[in-house]
Amino acid sequence: MTLILDSSEIREAIALASELTSALNLSVPAVEEKVRSVAAPEVPAKMVRESLPASVDEVDPTGLEYRGDQLEQVIRNMCQRSHFSGAVVTDDTGLPFAVVNPPVSMEAVSAFTVVLGGALERAGSLLGHHGAEYLTIDINYEEKIILRRFLINDTPYFLLAICPQDIDERSEIEISIDQIVSILNKK
Amino acid sequence: MGKIVTIASQKGGVGKTTTALNFSYSLSRLGERVLLVDADPQGGMSIATNIRKKTEKGLVDYLAGKSQLKEVAFYTKEKKMAIMGIGTVDPASVQQLEDWARKGALSRALQHIAKHFDYIVIDAPAGLGSLSVALLGASQGVLIASQCKALSLKSLPKMLALISWIQENTNPELSLEGIILTMHNRDNETESEMFREISQGFPADLFFSELIAYDPVFEQASLRSIPVGMLKTGKVAARNYFQLAIEYKEREMLLDQSKGEEDDVDSGLF
């Protein structure tokens, strides 16, 4: 027995919808529940990092259907390759486009990105270096926060990542940003 | 020319205005120039965006020739997104609006305005009246907003039948681009079960996979007359709409590709 599928209105809607969408020919995968709710992890970021599997096979982001999933896969791959605890891509208002293992609640991450992003821009102009685009902050004895500002069509975006202090993360960040830019830039 | 997309529904109170506003905002954040038009005489969008603070004039006044586009459409601080309110609404002007709709003046005006934007997103009135018919007659795309609730879902066939009629009689370019499920409460077991059923029963590409979750923060955004993404506390809720805009763009790309395959291969360089 079904709740709604047997009703005459729904059967009529299905028939009409089948006609209307047959012309669309979209190869969109079958619908699945995808309500996003991002909450703070229950364990500190450092513990999460230690529990990340070291040798998980990377998934090629270009094989994914949706751009949001591709973005998320890029930063997931980045975190796995270099043992980053988590990462977030946002726009300049803090709107998160892709999130992997956020260290605190998403509201806090958004606010944090806006504050640091504003500080980065202001500091750059005060020092006469308008291209200032990289900020690192040690958050404890082992980890640091990286904020990398990048532009797409003159619109600023941010990649925020949490990573161990003892690694040189720059090349990893730059590779990932290249991938992020190509995904967001795709028409 | 920009694309005209109407956000429609047979039933009222399903989150159509909220969807039009936040979907437009998300498209603009993706770099598109978007004009959000309030075409509902109830003026929900004009209230939701507080455009009356700028001007009392809007679509009705533009159609009457009393105002120019620059006097009724205003860019927001986001620069890429502009808003046009419904304008002067009284019983006479509503009747006049419906008359313009029937005579095609509304469609012609929208197509003229579309030259200045990448997208015109229209917040249409609920129901199947002459205004809805004219708006769909002028649109290339229609998105239906619906709640995952029995009454809302059971009202779908009327809107789908109208779209089918318009395709056959007035606007063959109109494309049903999908149904957006709004105010989804994942903790409601009945709603979740209905969602599972319709996912299996309806064509797989009909519903957007991004569901818009119910969140009290939308009410806070309404109080401030801003899109939820502009609220400090609204970033998570805004992500639903941002992902929806991305999914919409993906669908457009797939549709363009499938249309391109049908084109005459000898007609261009490729």
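Above: the structure in question.
Worth saying up front: this structure is predicted, and the values here are computed from it rather than measured.

### Quick word on the overall build of chain B
In terms of regular secondary structure, chain B is built from 12 helices and 7 strands. The buried share of chain B, taken over its 270 residues, is 53%. At a minimum sequence separation of 6, the contacts of chain B that also span at least 24 residues come to 77%.

### Looking at the interface of chain A and chain B
Counting from both sides, the interface comprises 46 residues of chain A and, opposite them, 49 residues of chain B. Of all the elements in the fold, those that place two or more residues in the side of chain A that touches chain B are α1 (8-22), α3 (67-82), β2 (96-100) and α4 (106-126) of chain A. Counting residues per element, the side of chain A that touches chain B draws most heavily on α1(A), at 11 residues. Looking at side-chain class alone, the side of chain A that touches chain B contains 22 nonpolar, 13 polar and 11 charged residues.

### Digging into the nonpolar core
Core analysis: the largest hydrophobic core is formed by 120 residues, its most contacted members being Ala87(A), Leu35(B), Leu36(B), Ile120(B), Val121(B) and Ile122(B). Broken down by element, the residue count for this core peaks at 9 residues, all from helix α12 (residues 235-262) of chain B. If near-sequence neighbours (up to four positions away) are discounted, Leu35(B) is found in contact with Ala73(B), Ala82(B), Met84(B), Ile113(B), Phe117(B) and Ile120(B).

### Description of the sheet that holds strand β3 (residues 134-138) of chain A
Residues and elements named next belong to chain A. Read across the sheet, 5 strands follow the order β2-β1-β5-β4-β3 without closing on themselves; strand pairing throughout is antiparallel. Unpaired on one side and paired on the other, β2 and β3 mark the two borders of the sheet. Averaged over all adjacent pairs, the angle separating strand axes in this sheet is 10°, with direction ignored. The pairing of strand β1 (residues 86-91) with strand β5 (residues 155-164) spans 6 bridges and is antiparallel. Bridging across to β5, threonine 90 finds its partner in phenylalanine 158. In the packing of α3 onto the sheet, the strands contacted are β1, β2 and β5, and the crossing angle to β2 comes to about 35°. Set on the sheet, α4 makes contact with β1, β2, β3, β4 (143-152) and β5; between it and β4 the angle comes to about 70°.

### Details of helix α5 (residues 91-103) of chain B
All names here are of chain B. Given a rise of 1.5 Å per residue, 13 residues ought to cover 18 Å, and the 19 Å separating the end C-alpha atoms of α5 matches this to within 8%. Within the span of α5, buried status applies to Leu97, Trp100 and Ala101. Seen end-on, α5 carries its buried residues on one side only, within an arc spanning 100°. Structural note: α5 exposes Pro91, Ala92, Gln95 and Lys103 on the side pointing more than 90 degrees away from its buried face. Close packing links the buried residues of α5 with α3 (59-63), α6 (105-113) and α7 (130-138). Among the residues trailing α5, glycine 104 stands out with phi positive, at a value near 90°.

### A closer look at the sheet that holds strand β1 (residues 3-8) of chain B
Residues and elements named next belong to chain B. Read across the open sheet, the 7 strands follow the order β3-β4-β2-β5-β1-β6-β7; overall the sheet is mixed. The open sheet is flanked by β3 (73-75) and β7 (175-182), the only strands paired with a single partner. When strand polarity is set aside, the average angle formed by the axes of neighbouring strands in this sheet is 20°. Across 5 bridges, strand β2 (residues 34-38) lies against strand β5 (residues 119-123) in parallel orientation. Pairing of leucine 35 across the sheet is with isoleucine 120, part of β5. Helix α1 (residues 16-29) rests against β1, β2, β4 (81-84), β5, β6 (141-147) and β7 of the sheet, and its axis sits at about 165° to β5.

### Structural notes on the environment of Lys144(A)
All names here are of chain A. Checked against the element boundaries, lysine 144 lands in strand β4. C-beta crowding within 10 Å serves as the criterion here: with 17 such atoms nearby, lysine 144 is assigned to the partly exposed category. When the C-alpha positions of lysine 144 and proline 164 are compared, they lie 6.2 Å apart, and in sequence the two are 20 residues distant. Excluding residues within four positions of it along the chain, lysine 144 makes contact with Thr136, Ile137, Asp138, Ile139, Cys163 and Gln165.

### Here's the deal with the pairing of β7(B)
Residue and element names in this part refer to chain B. Across the 8 residues of β7, 8 count as buried, placing the element largely inside the fold. Where β6 and β7 come together, 7 bridges link them in parallel fashion. When the bridges of β7 are listed, isoleucine 144 appears paired with isoleucine 179.

### Examining the pairing of β6(B)
Remember that side chains alternate between the two faces of the sheet whenever the strand is regular. All names here are of chain B. Of all the 7 residues making up β6, 7 are buried; the element is thus mostly covered by neighbouring parts of the structure. Both faces of β6 are covered, namely the face carrying Gly141, Leu143, Ala145 and Gln147 and the face carrying Val142, Ile144 and Ser146. Direction of pairing for β1 relative to β6: parallel, over a ladder of 4 bridges. In the strand pairing of β6, threonine 6 is matched with valine 142.

### Focus on the packing of α5(B) against α7(B)
Pairs of packed helices are described in terms of their axes, by the angle between the two and the distance that separates them. Residue and element names in this part refer to chain B. Taken N-terminus to C-terminus, the directions of α5 and α7 make an angle of 40°; their axes are 8 Å apart at the nearest point. Considered as vectors, α5 and α7 are oriented oblique to each other. As for the relative orientation of α5 and α7, their crossing is left-handed in sense. Contacts from Leu97, Glu98, Ala101 and Arg102 of α5 reach α7 at Ser130, Leu131 and Ala134.

Criteria and cut-off values
- Residues numbered from 1 in each chain as written.
- Chains lettered and ligands numbered in written order.
- Predicted model: local features only at pLDDT ≥ 70, side-chain atom pairs only at ≥ 80, totals over all residues.
- Helix = DSSP H or I, 4+ residues; strand = E, 2+ residues; numbered from the N terminus.
- Buried ≥ 20, exposed ≤ 12 C-beta atoms within 10 Å, placed from the backbone.
- Contact = placed C-beta atoms within 7 Å.
- Nonpolar A, V, L, I, M, F, W, Y, C, P; charged D, E, K, R; others polar.
- Core = buried A, V, L, I, M, F, W, Y, C linked by C-beta atoms within 7 Å.
- Pairing = 2+ DSSP bridges.
- Axes fitted to C-alpha atoms, helices over the stretch in contact; angles between N-to-C directions.
- Expected span 1.5 Å × (residues − 1).
- Arc of directions from axis to C-beta.
- Parallel < 35°, antiparallel > 145°, perpendicular 65-115°, else oblique.
- Left-handed = near helix turned anticlockwise from the far one by under 90°.

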